[in-house]
Amino acid sequence: MNSVASAPGKAILFGEHAVVYGLPAIAVPLSGIRAYAYCSANESPLTLVTEDLPGPPLVYGSGAMDISDPMALVVKLTLQHLGASAMAGRVSLRSDLPIASGLGSGAAVSAALGRAIALLRGACIANSDLNSIVYEVEKLHHGTPSGIDNTVVVHEIPLFYRKDQAMDQIEIADPLWLVLADTGIAAPTRAAVADVRALANQAPARTAALFDRIGAIAHEARCCLERGATARLGELMSANHRLLRALHVSSIELDRLVEAALDAGAYGAKLSGGGRGGHIITLVDELSAGKVAQNLLEAGAKRVMTTTVGE
């Protein structure tokens, strides 16, 4: 048996960091930018080959697994869910998503791997069960994750998300054209989340006010998405970025790319994800996408990707 499982990346349009504290966020799946797990059955112990990472293949036999390794934890939890203790086969992982870039790389790889393990067992894993597994793995990546990455990545739908509340799918009136630009700087979300938590402890009133403003923007942005008010949506993205700067999770590189996108005619631009590095996301129209992408490259982006959401 040769099969392939996959899962998309995600981009947070509004609400990162504030979402950890119960405020709403909006996130969308990047369906054309994915992680893939190619699996084939054989009689050898389960072997994982990571095409995008250096090092030898990872072999999981019947012994104890190092669950501080995210991929080992995916294997362990998925096998437990399927009622198995060990298995055979080979899984080769490949991802379009750069690591630690704010695009949900860890969640996408975990979801693709979990689905591949189920395929090798001849089983199907429900999205709700896979979501719970990927959330546990997200704790290794982020410390105190909001749950937004795993939920959007596993269910592959745009969400208005609040922690510990039921999923609330957004109906996008008009497709969005997005240009994503990579700073090339790896920025683990876990560190930024911890720093924002420290800031919230040091200056609770000021930080809570910033979170509330970010949450209000997310509410208005949902209305814009459902009405097709693209220009206003862009203004809200830029306003959200300014608030994230006030939380000290932007950087010189991110700010430079945001300004380059706006100078080239983008409706709006902001960092997406934990910040400090990783990506910005810009809202454009079809005609301006090429100019914005070129301006971002000239401003130092290591690569740009253009995609649509809501078609």
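Since we're looking at a predicted model, the values are computed, not measured. (Residues numbered from 1 in each chain as written. Predicted model: local features only at pLDDT ≥ 70, side-chain atom pairs only at ≥ 80, totals over all residues. Heavy atoms only, no water.)

**Q** Please explain the overall build of the protein as it appears in this structure.
**A** Across its full length, the protein carries nine helices and nine strands. The C-alpha radius of gyration computed for the protein amounts to 19 Å, which stays within 12% of the reference 19 Å derived for 311 residues, consistent with globular compactness. Seen through its C-alpha atoms, the protein measures out along the principal axes to roughly 55 × 45 × 35 Å. Sequence-distant contacts, at least 24 apart, represent 74% of the contacts inside the protein between residues at least 6 apart. (Helix = DSSP H or I, 4+ residues; strand = E, 2+ residues; numbered from the N terminus. Rg over C-alpha atoms; globule rule 2.2 N^0.38 Å. Contact = heavy atoms within 4.5 Å.)

**Q** Looking at this structure, I do not really get the sheet that holds strand E6 (residues 176–182). What am I missing?
**A** One key point about sheets: their strands pair by backbone hydrogen bonds, in either a parallel or an antiparallel sense. Reading across from one edge, E7-E8-E6-E9 is the order of the four strands in this open sheet, with antiparallel pairing throughout. Of all the strands in the sheet, just strand E7 (268–272) and strand E9 (303–309) have a single pairing partner and so form its edges. Put simply, the sheet's adjacent strands are angled 25° from each other on average, direction ignored. (Pairing = 2+ DSSP bridges. Axes fitted to C-alpha atoms, helices over the stretch in contact; angles between N-to-C directions.)

**Q** For this particular structure, what's the right way to read the pattern of salt bridges?
**A** Two side chains with opposite charge may pair up if their charged atoms get near one another. Here the structure, examined in full by the defined rule, presents eleven salt bridges. For the salt bridge of Arg34 with Glu156, the shortest nitrogen-to-oxygen distance reads 2.8 Å. Of the two residues, Arg34 sits in strand E2 (residues 25–50) while Glu156 sits in the loop between helix H4 (148–155) and strand E5 (159–161), which places them 122 residues apart along the sequence. For Arg34, a relative accessible area of 13% translates into the label buried. Put simply, Glu220 and Arg232 hold a salt bridge, and the shortest N to O gap is 2.8 Å. On the criterion of sequence distance, the pair formed by Glu220 in helix H6 (residues 204–227) and Arg232 in helix H7 (residues 230–246) is long-range, its members being twelve residues apart. When its relative accessible area of 33% is taken as the criterion, Glu220 is described as partly exposed. The network of salt bridges with shared partners includes Asp168, Arg222 and Glu226. (Salt bridge = Lys/Arg side-chain N within 4 Å of Asp/Glu carboxyl O. Buried < 20%, exposed > 50% of the residue type's maximum accessible area, 1.4 Å probe, protein only.)

**Q** Is there a simple way to explain the packing of aromatic side chains in this structure?
**A** To describe a pair of aromatic rings, one takes the distance between the centres and the angle between the planes. Counted according to the given criterion, the structure contains two aromatic pairs. Both rings, one in Tyr21 and one in Phe211, keep their centres 4.6 Å apart while their planes meet at 20°; by these two values the pair is stacked. Remark: Phe211 occurs in helix H6 and Tyr21 occurs in the loop between strand E1 (2–14) and E2; sequence separation between them is 190 residues. Overall, the relative accessible area of 5% leaves Phe211 in the buried class. Where Tyr36 meets Tyr38, the ring centres are 6.2 Å apart and the plane angle is 20°; that geometry is what we call stacked. Since its relative accessible area comes to 19%, Tyr36 is described here as buried. In this structure, Arg222 is placed above the aromatic ring of Phe160, and the distance from its NZ or CZ to the ring centre is 5.0 Å. (Phe/Tyr/Trp six-rings, centres within 6.5 Å; stacked < 30°, edge-to-face > 60°. Lys NZ or Arg CZ within 6 Å of the ring centre and 35° of its normal.)

**Q** Is there a simple way to explain the side chain of Ser95 in this structure?
**A** Relative to the helices and strands, Ser95 is located in strand E4 (residues 88–95). Look at Ser95 and you get buried, because its relative accessible area is 15%. Here the side chain of Ser95 touches Leu97 through a polar contact of 3.0 Å, landing on its backbone nitrogen. Ignoring any residue separated from it by four or fewer positions in sequence, one finds Ser95 in contact with Arg34, Ala35, Asp52 and Val109. (Polar contact = N/O pair within 3.5 Å; in protein donor to acceptor, adjacent residues only side chain to side chain.)

**Q** Looking at this structure, how should I read the nonpolar core?
**A** One recurring pattern in soluble globular proteins is that nonpolar side chains are buried together. Membership of the largest hydrophobic core comes to 95 residues, with the highest contact counts inside it found for Phe14, Leu46, Leu48, Val91, Leu113, Leu176 and Leu296. Among residues more than four places away in sequence, those in contact with Val91 are Ala37, Tyr38, Cys39, Leu46, Thr47, Leu48, Val49, Leu113, Ala116 and Leu120. Ala27, Val152, Ile157 and Leu159 belong to the second largest nonpolar core, which has ten residues in total. (Core = buried A, V, L, I, M, F, W, Y, C linked by side-chain atoms within 4.5 Å.)

**Q** What should I look at first to understand unusual backbone geometry in this one?
**A** Only a minority of non-glycine residues have a phi that is not negative, and only a minority of peptide bonds are not trans. If you check the backbone angles, His17 has positive phi at about 70° while not being a glycine. With respect to the helices and strands, His17 occurs in the loop between E1 and E2. Of the residues examined, His17 reaches a relative accessible area of 6% and is grouped as buried. Of note in the backbone geometry, Asp164 takes a positive phi value of approximately 65° without being a glycine.

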